[in-house]
Amino acid sequence: MHPEKMGGLKMVFKKGQKAWNVGLTKENNEIVKKIGEKCSKTVKEKGIHKGKNNSMYGKRGLLSPLYGRPHTKETKRKQSEGLSGKPKSKEHCINMGKSKRGKPLPPLTEEHKRKIGDAQLGEKSHNWKGGTSFQPYGIEFNRRLREQIRKRDNYYCQECGINQNSLKRRLHVHHIDENKLNCNLNNLISLCYKCHEKTIYEKDKDWVGYYQVRMELRNMNILDLQEPEDIILEMVM
Ligand SMILES: [Zn+2]
């Protein structure tokens, strides 16, 4: 039995016991409706539970209520069943691609290679961004500046929160506005190679806007970028 604190009440769940609110919605149950209203009122009054305001802040490892409670095989099977048939996210596809990286590919014919080459050249490439990758980095963007940025970011990837030490390779320093000559400190951010790659290959996302907002939040001390995303997720209840 694991006591869980919910809204000030101590609730004890036995394995296999059904939660009281199964199948109840705010449309068909007064209590569920009231809880929902109370929660959204609290969020409005106290603000969104982000960062250190989130009750789960910093509760990782031993401090996590889920520590030492791995999902049962039954739960894992249900989770996997729930996912099968659903369309995979772009990120998922990229990850699947990465897992195949380094494994041998079937050999390409000369004809095939030539076709790929023709199709992907320059402006025809889906990654074409107007030739910015040919732009040289400015003289200021040297090893010293890059190290300065990594140090400022405490050697954490500012997107996923991985630490350079656990990554076992240096963090990349990304130009937020994609202008390699703009070495304003606010335009530079430390990213692990995986998150940096996303800014290059996931071209449907507005990465410039995304990282500009993140830098602004960071400058306002709203976002603690030394913590991974899951800590800053909004609390549901
Ligand atoms: Zn990262």
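Residues numbered from 1 in each chain as written. Predicted model: local features only at pLDDT ≥ 70, side-chain atom pairs only at ≥ 80, totals over all residues.

**Remarks on the environment of Lys180**
Among the structural elements, Lys180 can be located in the loop between strand S3 (172-175) and strand S4 (188-191). Residue Lys180 is classed as partly exposed on the basis of its C-beta count, with 15 C-beta atoms lying within 10 Å. Between the C-alpha atoms of Lys180 and Gly138, which are 42 residues apart in sequence, the distance is 6.5 Å. (Helix = DSSP H or I, 4+ residues; strand = E, 2+ residues; numbered from the N terminus. Buried ≥ 20, exposed ≤ 12 C-beta atoms within 10 Å, placed from the backbone.)

**Thoughts on unusual backbone geometry**
Positive phi values are uncommon outside glycine, yet Asn154 reaches one of about 55°. Considering the arrangement of structural elements, one finds Asn154 in the loop between helix H5 (143-152) and helix H6 (164-167). With 12 C-beta atoms counted inside 10 Å, the residue Asn154 sits in the exposed group.

**Here we look at the nonpolar core**
Inside soluble globular proteins, nonpolar side chains tend to come together where they are buried. Judged by nonpolar contacts, Ile149, Tyr156, Cys157, Leu171, Ile176, Leu188, Ile189, Leu191, Cys192, Cys195 and Tyr211 together constitute the single largest core of 11 residues. For this core, the element with the highest residue contribution is S4, accounting for three residues. With near-sequence residues (within four places) excluded, Cys195 lies in contact with Cys157, Glu159 and Cys160. (Core = buried A, V, L, I, M, F, W, Y, C linked by C-beta atoms within 7 Å. Contact = placed C-beta atoms within 7 Å.)

**Quick notes on the confidence of the model for the chain**
Mean pLDDT for the chain: 72, with 51% of residues reaching 70 or above. Confidence drops under pLDDT 50 across residues 1-11; counting only partners more than four residues distant or on other chains, this segment forms 11 contacts. Considering only residues more than four positions removed or in separate chains, one finds that residues 228-237, a stretch of pLDDT under 50, has 18 contacts. (pLDDT = per-residue confidence, 0-100.)

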